[in-house]
Amino acid sequence: MELRQLHYFLKVAQKEHVTQAAEELHVAQSAVSRQIHQLEEELGVDLFMQKGRNLQLTAVGQLFCKRIEGILKDLDKAVGEVHEFLDPEHGEIRIGFPHSLGIHLIPSVVAAFRQRYPNVKFRFKQGMFPTLIRDVLSAEVDLAFISPFPEKHDQVAGDIVLTEELHAILPPNHALANEETIALEQLKDDKFVLFSKGYSLRPIVWHACLEAGFTPKIAFEGEETDTIRGLVAAGMGVSLLPEMALFQTNPLQPAHVAISHPKVTRTIGLIHRADDKLPLVAQSFRSFLLNYFGLQQNNTPSG
């Protein structure tokens, strides 16, 4: 069975006439008839029956036609994706990221990239740390921003693109709300609003509190930055958030204060599959990002 036979078969099925199909295919009528005959012989069935001057699909021909239409559409899509893979200025970049980066970082870098490559499309997928790793490994995304950066992982490679400090966020009427800096131990008697288990910021805050000499008392848990900020602003407790998550998105805002000791930071990495070649458009975006964050292009990726 040849691809040409399938194209000829579909054209005859659409036109219900060999001559008209041949005209549109720009081939001889005899060539179309011969290919259809060979296809029917190979399948061992009649795909068409004569109806007046036209041809009509048989019942099995209708079934075959429906399947072949889907197969050829998938094939056309696959060819298009190959062309996009090879074109650094078109195509689609699939990128994953944690929720906290969606407020400012992702919109900023994508807008900057699209100024240079306006024809590139993006598909975004948010997730937690293990979800992002899984999406990279399963090829659901080409690249993923992730925090913390996985220093040791055999199947992903990448670069630390940013290290940012976490700040204490406090209710506006908190006794320390007007301080420029505080030590984390000054919050040992406060109740904390933390991210739920599975979110990467939770263990960062937890370990920082232990380093400061106390175990945080949890009052509430949330799954989004806006939720954490809103609960703190409403006086439900205190928390720690990265600088990037302090951009105002609603009128009710907590106070935020720098932490002098211990320094609490998180790493943000850009990762990809270690054993796979990125599409050219994704390679172009990765190179752009390394320049955007001031990193050298010839950095040796971390595994």
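Here the structure is a predicted model, which means the values were calculated and not measured.

Rules used in this analysis
- Residues numbered from 1 in each chain as written.
- Predicted model: local features only at pLDDT ≥ 70, side-chain atom pairs only at ≥ 80, totals over all residues.
- Heavy atoms only, no water.
- Helix = DSSP H or I, 4+ residues; strand = E, 2+ residues; numbered from the N terminus.
- Rg over C-alpha atoms; globule rule 2.2 N^0.38 Å.
- Buried < 20%, exposed > 50% of the residue type's maximum accessible area, 1.4 Å probe, protein only.
- Contact = heavy atoms within 4.5 Å.
- Areas by Shrake-Rupley, 256 points an atom, 1.4 Å probe, with all protein chains shown as cover.
- Lys, Arg positive; Asp, Glu negative; His and termini not counted.
- Charge placed at Lys NZ, Arg CZ, Asp CG, Glu CD.
- Pairing = 2+ DSSP bridges.
- Right-handed = clockwise from strand over helix to strand, strands pointing away.
- 1 Å grid on protein atoms, 1.4 Å probe; cavity = no way out; pocket = protein on both sides within 12 Å on 5 of 7 lines; lining within 4 Å.
- Points joined across faces, edges and corners; volume = space filled by probe spheres on them.
- Nonpolar A, V, L, I, M, F, W, Y, C, P; charged D, E, K, R; others polar.
- Axes fitted to C-alpha atoms, helices over the stretch in contact; angles between N-to-C directions.
- Parallel < 35°, antiparallel > 145°, perpendicular 65-115°, else oblique.
- Left-handed = near helix turned anticlockwise from the far one by under 90°.
- Core = buried A, V, L, I, M, F, W, Y, C linked by side-chain atoms within 4.5 Å.
- Patch = residues over 30% accessible without salt bridge, like charges linked within 9 Å, V, L, I, M, F, W, Y side chains within 5 Å.
- Salt bridge = Lys/Arg side-chain N within 4 Å of Asp/Glu carboxyl O.
- UniProt positions renumbered as here; feature names shortened; annotations may be inferred.
- Expected span 1.5 Å × (residues − 1).

Let's talk about the overall build of the chain
When helices and strands are tallied, the chain shows 9 helices and 12 strands. For 303 residues, the compact-globule estimate of 2.2 N^0.38 gives 19 Å, and the C-alpha radius of gyration of the chain, at 29 Å, exceeds that figure by more than 25%. The C-alpha extent of the chain, read off along each of the three principal axes, is 90 × 40 × 35 Å. Out of the 303 residues in the chain, the part that is buried amounts to 46%. Put simply, 73% of the contacts in the chain that link residues at least 6 apart link residues at least 24 apart. Surface summary for the chain: the accessible area is close to 16,100 Å², and the carbon and sulfur share equals 50%. Put simply, the chain has 29 plus and 37 minus side-chain charges, and the middle of one group is 3 Å from the middle of the other.

Quick look at the pairing of strand 4 (residues 121-126)
As defined by bridge partners, strand 3 (residues 92-97) adjoins strand 4 across 6 bridges and the pair is classed as parallel. Bridging across to strand 4, F97 finds its partner in Q126. Following the backbone out of strand 3, through helix 5 (residues 105-116) and into the adjacent parallel strand 4, one traces a crossover that is right-handed.

Quick word on empty space enclosed by the protein
On inspection of all chains with the given rule, the structure shows 1 cavity of 30 Å³ or more. Per-class residue counts for the lining of the largest cavity are 7 nonpolar, 5 polar and 2 charged.

Looking at the packing of helix 2 (residues 18-25) against helix 3 (residues 29-43)
Interaxial distance between helix 2 and helix 3 falls to 8 Å at its minimum, and their mutual angle equals 110 degrees. Between helix 2 and helix 3, the angle is such that the two are roughly perpendicular. Judged by the sense of rotation from one axis to the other, the crossing of helix 2 with helix 3 is right-handed. Contact residues: V18, T19, A22 and L25 in helix 2; Q29, V32 and S33 in helix 3.

Quick look at the environment of L170
Along the chain, the position of L170 falls in strand 6 (residues 156-170). Considering only alpha carbons, one finds L170 and L240, 70 residues apart in sequence, at a separation of 8.8 Å.

A few points about the nonpolar core
Counting residues in each nonpolar core, the largest one holds 29 residues, and the members touching the most others are L184, L187, F192, L240 and V264. Counting only elements with at least two residues in this core, the list comes to strand 6, strand 8 (191-195), helix 7 (201-211), helix 8 (225-233), strand 10 (239-242) and strand 11 (255-261). The greatest single-element share of this core, amounting to 5 residues, is contributed by helix 7. If sequence neighbours within four positions are ignored, V264 has contacts with E164, E165, L166, L184, I204, A208, L240 and I259. By size, the runner-up hydrophobic cluster in this structure holds 27 residues, among which are V120, F122, L270 and V281.

Side note on a nonpolar patch on the surface
On the surface, a cluster of nonpolar side chains totalling about 220 Å² of accessible area is made up of L3, L75 and V79. Relative to the helices and strands, L3 is located in helix 1 (residues 3-15). L3 gets classed as partly exposed once you look at its relative accessible area, which sits at 44%.

Digging into the side chain of D142
Relative to the assigned elements, D142 resides in the loop between helix 6 (129-137) and strand 5 (143-146). Owing to a relative accessible area of 2%, D142 belongs among the buried residues under this scheme. Apart from the residues lying within four places of it in its own chain, the contact partners of D142 are E92, I93, R94, I271, H272, R273, L278, P279 and A282.

Some thoughts on the UniProt feature "domain: HTH lysR-type" (unreviewed entry) in the chain
With numbering matched to this structure, UniProt assigns "domain: HTH lysR-type" (unreviewed entry) to residues 1-58. Annotated as 62% helix and 14% strand, the span residues 1-58 places its first and last C-alpha atoms 19 Å apart.

A few points about the pattern of salt bridges
Taken as a whole and assessed by the stated rule, the structure comprises 13 salt bridges. One salt bridge connects D142 with R94, and the closest N-O pair in it is separated by 2.8 Å. Placement of the pair is D142 in the loop between helix 6 and strand 5 and R94 in strand 3, with a sequence separation of 48 residues. R94 matches D142 in its accessibility class, with the two residues each being buried. Among the salt bridges present, the one from D226 reaches R229, with a minimum N-O distance of 2.4 Å. Placement of the pair is D226 and R229 together in helix 8, with a separation of 3 residues, close to one helical turn. Residue classification places R229 among the buried residues on the basis of a relative accessible area of 1%. Here the residues in one salt-bridge network are K11, K15 and E24, joined through shared partners.

Here's the deal with helix 5
Here helix 5 is 12 residues long and its end C-alpha atoms lie 17 Å apart, about the 16 Å a rise of 1.5 Å per residue gives. At its buried positions, helix 5 is contacted by strand 3, strand 4, strand 5 and helix 9 (280-292).

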